[in-house]
Amino acid sequence: MLDDLTGNGRPVSHHGPWPRAVTDSSTWISAALRLSEGRLTMLGLWGERNAVHMALLDEQAGRSAILSLEELQTGYPSVAQYHPPALRLERTLRDLTGLEPEGLPDSRPWFDHGRWGLRFPLGQRSAPASEFSYPFLPADGENLHQIPVGPVHAGIIEPGHFRFTANGETVVRLEERLGYVHKGIEALMGGADLARGLQLAGRTSGDSSVAYAYAFSRAAEAALGLEVPLRAVWLRALMAELERLANHLGDIGAICNDAAFALMLAHCGVLREQVLRAADAAFGHRLMRDRIVPGGVAADLDSNGKAGLRALHAEISRKFPALAKLYDNTASLQDRTVGAGTLESGFARQYGAGGYIGRAAGRSFDTRRNLAYPPYDELTFDVPSLGDGDVNARIWIRIREVEQSLSLIEQILDRLPDGPILSDVQAANDFREGVALIEGFRGDILAWLRLTPEGRIERCHLRDPSWFQWPLLEAAIKDNIVADFPLCNKSFNCSYSGHDL
């Protein structure tokens, strides 16, 4: 299917490992129709001054490709008019580049809140900023009232606005407005060298520092045709599993705390802290930030660090089963989580929802397995999947993924090869492009970049899994009570910062 689409266009040389083809509007629309039919899955949609790009996945064939429209003057055919998951991506693309998605169902801005110094910062038609009011979608009916929440929230939490329309306590509609923590990462990437680009990528979403550095580095290596030392390949996976373990432990405790069961938060918080301390001892940073770099890794694992990770593995393996049992046997907790915030499987498939959100609603997709990259193609692990789609299912997916990460950490420590950890990175003396898809703890993270002949970044796009998960929270909260929103929201735990870039 992807061959048919890319075969209608001009292939782009020096692009790896997925093919990219510059095509025409009719092929672009054909791809949008196949997305609407569920025959393809959207992995990303982004733009630059006079071009738009769309990453596509054929799940059955396990293949991916990128379609592009180039030499655009004003606009391009909207994908969202056929495939709703593209809507926010196209609104953002227009805010950043000024390219108009023709036929876009929702003309409101997304990232641009009228507070920037100029409009279209990535485009060639920059214009002065202008303030505007943002009209939320109406909901008609008797006895309806609106509840605005945010963007500033209680405690240490990123900003996002939630506009509830409710009938009494029952949520009739939730509408989100994000973009408050837009940092301009993609603009900052332009002209940066790989070292600076890596720093920016690793700070896109702080809880996924390893995963973003992993994706960025693999995209750069694909562009340059760079081979990574075997030991570094395995150390990268070890860091990724430690990051996944820490985040899942934190989430399990936090979700239970939102259901007024603070005991789980305390115990899971202790285990998460032990993971972070072990990571610090092993790699020199609690979040392992800037430890994965193009060409390999920047920190090796010595015998003391390895012993610490084995002790961590033994400790969590001993304590965690009792916590899973405690969750399962606490009736008052189950009463809050079972049936709350249910996401239909059809929505999960339509939006290509990854991670625990998709897997809890029956979409069993994991980049480590479905588009396997080293060393996961040599490791043994299961991808847990459930069909209920509720808060309880999302907790159980996390529980099972903690167990799988523990198994993977043990396998990696047992099989970790010796050798160098970093290859020399040299510019290729021509324009090169690369793409990578990496499994973070929330789901798949996309990184695409183009390098100049001098080895600097001309354009880089990073796509967080939250782009395809935030809209699903609006669907999952419908018909729940307002008081259950914090619980449902935490069970999704989408990234504000990763989405807002």
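Here the structure is a predicted model, which means the values were calculated and not measured.

Novice: What is the right way to read the pairing of strand β16 (residues 432-439) from this model?
Specialist: The side chains of a regular strand alternate, first on one face of the sheet and then on the other. The buried count for β16 comes to eight of eight residues, which makes it a mostly enclosed element. Pairing geometry for strand β2 (residues 15-16) and β16, over two bridges, is parallel. The residue bridging H15 from the neighbouring strand is E433, located in β16. Where β16 lies against strand β17 (residues 444-451), eight bridges are found, and the strand directions are antiparallel. Directly across from R432, in β17, lies its bridge partner L451.

Novice: Just checking my understanding: could you explain the nonpolar core for this structure?
Specialist: In globular proteins that are soluble, nonpolar side chains generally tend to be buried together. With 147 residues, the main nonpolar core has L238 and F283 as its most contacted residues. In terms of residues, this core owes the most to one element, helix α7 (residues 230-258), which gives 15 residues. Each residue touching L238, except ones within four places of it in the same chain, is listed here: F283, L301, L309, I409, I412 and L413. The next biggest cluster of nonpolar side chains, apart from the first, holds 12 residues, and it includes W18, W46, L57 and L437.

Novice: Any chance you could explain the pattern of salt bridges here in plain terms?
Specialist: One side chain can pair with another of opposite charge once the charged atoms of both are near each other. Under the counting rule described, the total for this entry stands at 40 salt bridges. A salt bridge links R108 to E175; its shortest N-O distance comes to 2.7 Å. One end of the pair, R108, is in the loop between β8 (100-102) and β9 (118-119); the other, E175, is in strand β13 (residues 170-177), with 67 residues separating them in the sequence. Neither R108 nor E175 differs from the other in exposure class; each is buried.

Novice: When you look at the sheet that holds β13 in this model, what are you seeing that I'm missing?
Specialist: Pairing between the strands of a sheet is mediated by backbone hydrogen bonds and can be parallel or antiparallel. An order of β11-β12-β13 is seen for the three strands of this open sheet, with the pairing classed as antiparallel. Here the strands that pair on one side only, and so sit at the sheet edges, are β11 (144-149) and β13. On average, each strand axis in the sheet is tilted by 20 degrees relative to the strand beside it, whichever way the strands run. Judged from the six bridges that link them, β11 and strand β12 (residues 161-167) form a sheet pairing that is antiparallel. From the neighbouring strand, I147 faces β12, where its bridge partner is F164. Helix α15 (residues 470-477) contacts β12 and β13 of the sheet and is inclined by roughly 170 degrees relative to β13.

Novice: In this structure, what is going on with helix α8 (residues 262-283)? I would like to understand it.
Specialist: Side chains that are three or four residues apart share a direction in an α-helix, a result of its 3.6 residues per turn. Over its 22 residues, α8 runs 31 Å from end to end, which matches the ideal 32 Å to within 8%, given 1.5 Å per residue. Downstream of α8 by one or two residues, G284 has phi in the positive range, about 85 degrees.

Novice: Can you walk me through empty space enclosed by the protein in this structure?
Specialist: If you roll a probe as big as a water molecule over the atoms, it shows you where there is empty space left. Taken as a whole and judged by the stated rule, the model has one cavity of 30 Å³ or more. In this structure, the largest cavity occupies an estimated 110 Å³ of space. What lines the largest cavity is a set of 15 residues, and nearest its centre among them are L45, W46, T92, L96 and H461. It is helix α3 (residues 87-97) that provides the largest number of residues to the lining of the largest cavity, a total of five residues.

Novice: Would you mind going over the sheet that holds strand β18 (residues 457-463) with me for this structure?
Specialist: Here four strands make up an open sheet; going across it, the order is β2-β16-β17-β18 and the pairing mixed. With one partner strand each, in any of the chains shown, β2 and β18 form the two edges of the open sheet. In this fold helix α6 (residues 209-224) packs onto β2, β16, β17 and β18, with an angle of close to 145 degrees to the strand it touches most, β16.

About the criteria used
- Residues numbered from 1 in each chain as written.
- Predicted model: local features only at pLDDT ≥ 70, side-chain atom pairs only at ≥ 80, totals over all residues.
- Heavy atoms only, no water.
- Buried < 20%, exposed > 50% of the residue type's maximum accessible area, 1.4 Å probe, protein only.
- Helix = DSSP H or I, 4+ residues; strand = E, 2+ residues; numbered from the N terminus.
- Pairing = 2+ DSSP bridges.
- Core = buried A, V, L, I, M, F, W, Y, C linked by side-chain atoms within 4.5 Å.
- Contact = heavy atoms within 4.5 Å.
- Salt bridge = Lys/Arg side-chain N within 4 Å of Asp/Glu carboxyl O.
- Axes fitted to C-alpha atoms, helices over the stretch in contact; angles between N-to-C directions.
- Expected span 1.5 Å × (residues − 1).
- 1 Å grid on protein atoms, 1.4 Å probe; cavity = no way out; pocket = protein on both sides within 12 Å on 5 of 7 lines; lining within 4 Å.
- Points joined across faces, edges and corners; volume = space filled by probe spheres on them.

These values are about where atoms sit, not about what they do.
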